[in-house]
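Below, each chain spelled out in residue letters.
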Amino acid sequence: MKTDILGIQFDNLTREEAKEAGAALLRSPEFHYAVTPNPEFILAADKDLEFQKILNQADLVLPDGIGVVYSAKILGTPLKGRVAGFDFACDMLDVLNEMGGRLYLLGAKPGVAEEAGRRILESHPNIVLCGTHDGYFKDSDPVAREVAQAQPDLLFVCLGAPKQERWMAQYGPETGVKLAVGLGGSLDVFAGTVERAPEAWRKAGMEWLYR
Ligand code: UDP
C-alpha cells in the first residue's frame, strides 16, 4: 500500500519488509527500479512533474530522510519508519550474496566504484562484481550497453538526484538488470571516501546535520 507525501507515493514498509520486497524484485525476471527520496527530492519533484512521475513509477519508493517520516506524521499519514538508502543497499547486497548473484556499480568519481566493489566483496564473497563505471560520462548509450553486456542482477546507480532516477527510468530496461537502485553518494561511503554519521546521529535522524 502506498502513502502519499506531497505528491510522492511512498511504500509504507519497515526496513525488514523493504528487504523482503527488494529480494522478491531481485528474484523475478523483469526490470525493476527502486528510489529513495529525501525531502529535497520531494521539493524538486514539486517543480518537476517528470521527475515526480519517474519517482512514482518506481517499483519501490523508500523514505530515505527522517524529514519524510516527520512530514508523513504531520500530514496524518504516518509511515512505519525511515528506510535509509544505504541500509537498503546493504540489505540487497546480503540477498545478492545468498543468491551468488552479479553486481554492477555505476557512479561517483573515477576509481570510487572499483574501491567500493573491492570492499563489498570482502564482506560478500559470493557476489560476482561484473562491472563498474564512473558517473562522469556524456553519452549514456555506450554505458547502458556495457552494463547489459556484464549481465548484472543488481545495479547501483549513484549519479545524484534526479540524474540517477532519470537514468534508471530511461536506460534501465535495456540493461536487463532485475533491480536498479538509485543511491546518491553511497558508493563514496562503501569506498570509504566519505564516512557515514555515527549510529547515535543516524538513530536521531540527524545524519544530514552531521554531514
Ligand atoms: N555524481 C556522479 N555523476 C554526476 C554527478 C554526481 O557520479 O554527474 C556522483 C557524485 O560523485 C557522488 C554521487 O553522485 O558520488 C551523489 O552525490 P550527492 O552527494 O550530490 O548525492 P546525495 O547522496 O546527496 O543524493
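Residues numbered from 1 in each chain as written. Predicted model: local features only at pLDDT ≥ 70, side-chain atom pairs only at ≥ 80, totals over all residues. Heavy atoms only, no water.

*Asks:* I'd like a description of the overall build of the chain, backed by residues and values.
*Replies:* A count of helices and strands for the chain gives 11 helices and 8 strands. Here the C-alpha atoms of the chain give a radius of gyration of 16 Å, agreeing with the 17 Å that 2.2 N^0.38 yields for 211 residues. Along the first, second and third principal axes, the C-alpha atoms of the chain reach 45 × 35 × 30 Å. On the chain, roughly 10,100 Å² of surface is accessible, and the fraction owed to carbon and sulfur atoms is 52%. For the chain, the distance from the average site of its 22 positive side-chain charges to the average site of its 30 negative ones is 2 Å. (Helix = DSSP H or I, 4+ residues; strand = E, 2+ residues; numbered from the N terminus. Rg over C-alpha atoms; globule rule 2.2 N^0.38 Å. Areas by Shrake-Rupley, 256 points an atom, 1.4 Å probe, with all protein chains shown as cover. Lys, Arg positive; Asp, Glu negative; His and termini not counted. Charge placed at Lys NZ, Arg CZ, Asp CG, Glu CD.)

*Asks:* Account for the site of the ligand, naming residues and giving values.
*Replies:* Close contacts around the ligand come from 13 residues, with Gly135, Tyr136, Lys163, Gly185 and Asp188 the closest. Interatomic distance of 3.3 Å between a backbone N/O atom of Gly160 and an oxygen atom of the ligand. Here Lys163 contributes a side-chain N or O atom positioned 2.6 Å from an oxygen atom of the ligand. If the ligand stood free it would expose 540 Å²; the protein chains cover 68% of that surface. Grouping the constituent residues of the shell around the ligand by class yields 4 nonpolar, 5 polar and 4 charged. (Near = heavy atom within 4 Å. Polar contact = N/O pair within 3.5 Å; in protein donor to acceptor, adjacent residues only side chain to side chain. Nonpolar A, V, L, I, M, F, W, Y, C, P; charged D, E, K, R; others polar.)

*Asks:* Go over the sheet that holds strand S5 (residues 102-107) with me, naming the residues and quoting the values.
*Replies:* Strand order in the open sheet formed by 6 strands is S4-S3-S8-S7-S5-S6, with parallel pairing between adjacent strands. Bordering the open sheet on either side are strand S4 (60-61) and strand S6 (128-133), each of which pairs with just one other strand. (Pairing = 2+ DSSP bridges.)

*Asks:* Kindly report on the packing of helix H3 (residues 49-56) against helix H8 (residues 163-175), identifying the contributing residues and their values.
*Replies:* As a packed pair, H3 and H8 sit with axes 10 Å apart at the nearest point and diverge in direction by 65°. Once H3 is placed against H8, the crossing between them reads as left-handed. Where H3 abuts H8, its residues Glu50, Phe51, Ile54 and Leu55 lie against Glu165, Arg166 and Ala169. A breakdown of the residues in the contact of H3 with H8 according to their chemical character gives 4 nonpolar, no polar and 3 charged. (Axes fitted to C-alpha atoms, helices over the stretch in contact; angles between N-to-C directions. Left-handed = near helix turned anticlockwise from the far one by under 90°. Contact = heavy atoms within 4.5 Å.)

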